[in-house]
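Take a look at the letters that make up each chain.
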Amino acid sequence: MSLKIRLARGGAKKRPYYRIVVADSRSPRDGRFIEKIGTFDPLKPKDAADRFTLDVEKAKAWLAKGAQPTDRVARFLDSLDVVKREARNNPEKAVPGKKAQERAAAAAKAAEAAAAPTE
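In the annotation of an unreviewed UniProt entry, the entry for the protein chain reads Small ribosomal subunit protein bS16, and the organism field reads Ancylobacter oerskovii. Under Sequence similarities (unreviewed entry), UniProt gives the following word-for-word description of the protein chain: "Belongs to the bacterial ribosomal protein bS16 family."

Engineer: Teacher, can you tell me more about helix H2 (residues 71-79) here?
Structural biologist: Counting along an α-helix, one turn takes 3.6 residues, and residues three or four places apart therefore face a common direction. Residues of H2 that are buried: Val73, Ala74, Phe76 and Leu77. Viewed end-on, H2 has its buried residues packed into an arc of 155°, placing them on one side of the element. Close packing links the buried residues of H2 with strand E1 (3-12), strand E2 (15-24), strand E3 (35-40), strand E4 (52-54), helix H1 (56-64) and strand E5 (68-69). Directly beyond the C-terminal end of H2, a positive phi value near 60° is found at Asp81.

Engineer: Even after reading the chapter, I still don't get the side chain of Asp41, so can you show me in this structure?
Structural biologist: Tracing the backbone shows Asp41 in the loop between E3 and E4. Of the side chains with opposite charge, Lys44 lies nearest to the buried Asp41, which makes no salt bridge, at 4.2 Å. Among residues more than four places away in sequence, those in contact with Asp41 are Pro16, Tyr17 and Arg51.

Engineer: Honestly, the sheet that holds E4 in this entry has me stumped. Any pointers?
Structural biologist: Through backbone hydrogen bonds, the strands of a sheet pair up, either in parallel or in antiparallel fashion. Read from one edge to the other, the open sheet built from five strands follows the order E4-E3-E2-E1-E5, with strand pairing classed as mixed. A single partner strand is all that each edge strand has here, and the edge strands are E4 and E5. Pairing of E2 with E3, which is carried by five bridges, proceeds in the antiparallel orientation. Looking at E3, one finds that Arg19 is bridged to Thr39. H1 rests against E1, E2, E3, E4 and E5 of the sheet, and its axis sits at about 125° to E3. Its contacts with the sheet put H2 on E1, E2, E3, E4 and E5, and the angle it makes with E1 is roughly 100°.

Engineer: How should I be thinking about the nonpolar core in this particular structure?
Structural biologist: One recurring pattern in soluble globular proteins is that nonpolar side chains are buried together. Residues Ile5, Leu7, Ile20, Ile37, Trp62 and Val73 are the most contacted members of the largest nonpolar core, which totals 15 residues. Residue assignment for this core shows that the elements contributing at least two residues are E1, E2, E3, H1 and H2. Residue contacts for Val73: discarding those within four places in its chain leaves Ile5, Arg6, Leu7 and Ile20.

Rules behind the numbers
Here the residue numbers are simple positions, counted from 1 along each chain's written sequence. Per-residue local features are limited, in this predicted model, to residues with pLDDT of at least 70; the limit for side-chain atom pairs, both in listing and counting, is 80 or more; totals at the level of whole chains, interfaces and linings are taken over all residues. As a rule here, side-chain values cover all heavy atoms of the structure and leave hydrogens and water aside. UniProt positions are given in the numbering used here, feature names are shortened, and annotations may be inferred rather than shown by experiment. Partly exposed residues are those whose accessible area sits between 20% and 50% of the maximum for their type, while under 20% is buried and over 50% is exposed, using a 1.4 Å probe and protein chains only. Strands here mean DSSP runs of E at least two residues long; helices mean DSSP runs of H or I at least four residues long; both are numbered from the N terminus. The arc refers to the directions leading from the helix axis to the C-beta atoms. Any pair of residues with heavy atoms lying within 4.5 Å of one another is described as a contacting pair. Positive charges are assigned to Lys and Arg, negative charges to Asp and Glu, while His and the chain termini are left out of the count. The rule for a salt bridge is simple: a side-chain nitrogen of Lys or Arg has to be within 4 Å of a carboxyl oxygen of Asp or Glu. Strands were regarded as paired on the criterion that DSSP finds at least two bridges between them. Only the stretch in contact is used when fitting a helix axis, every axis being a line fitted to C-alpha atoms; angles between N-to-C directions are given from 0 to 180 degrees. Only buried Ala, Val, Leu, Ile, Met, Phe, Trp, Tyr and Cys residues count toward a nonpolar core, and they belong to the same one when joined by side-chain atoms within 4.5 Å.

What follows is the structure, encoded as structure tokens:
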């Protein structure tokens, strides 16, 4: 059984509130979980002390048992110096899509044609 430490969404529409839970990776996001180890309230200011709470000892115990944190939970664990998260790098993300490249090429061609002297 592969375990994940992940967020389970709660709260009303447009008012998210998350529980940090340990769950089987096959169970649904908001479905059955094994243990609740913390909370996360994204609507609170980033510097608020109770924006996220986490039982660090339980998290360490589940990590020792082989539970894998999701990216967002890994960020929380990294901020508490529990897990070291390597920085991600995707240089292709900044490259414009195919249509945008075509539009840019057409605009450059039009600007070149307008700049060329007409004789």
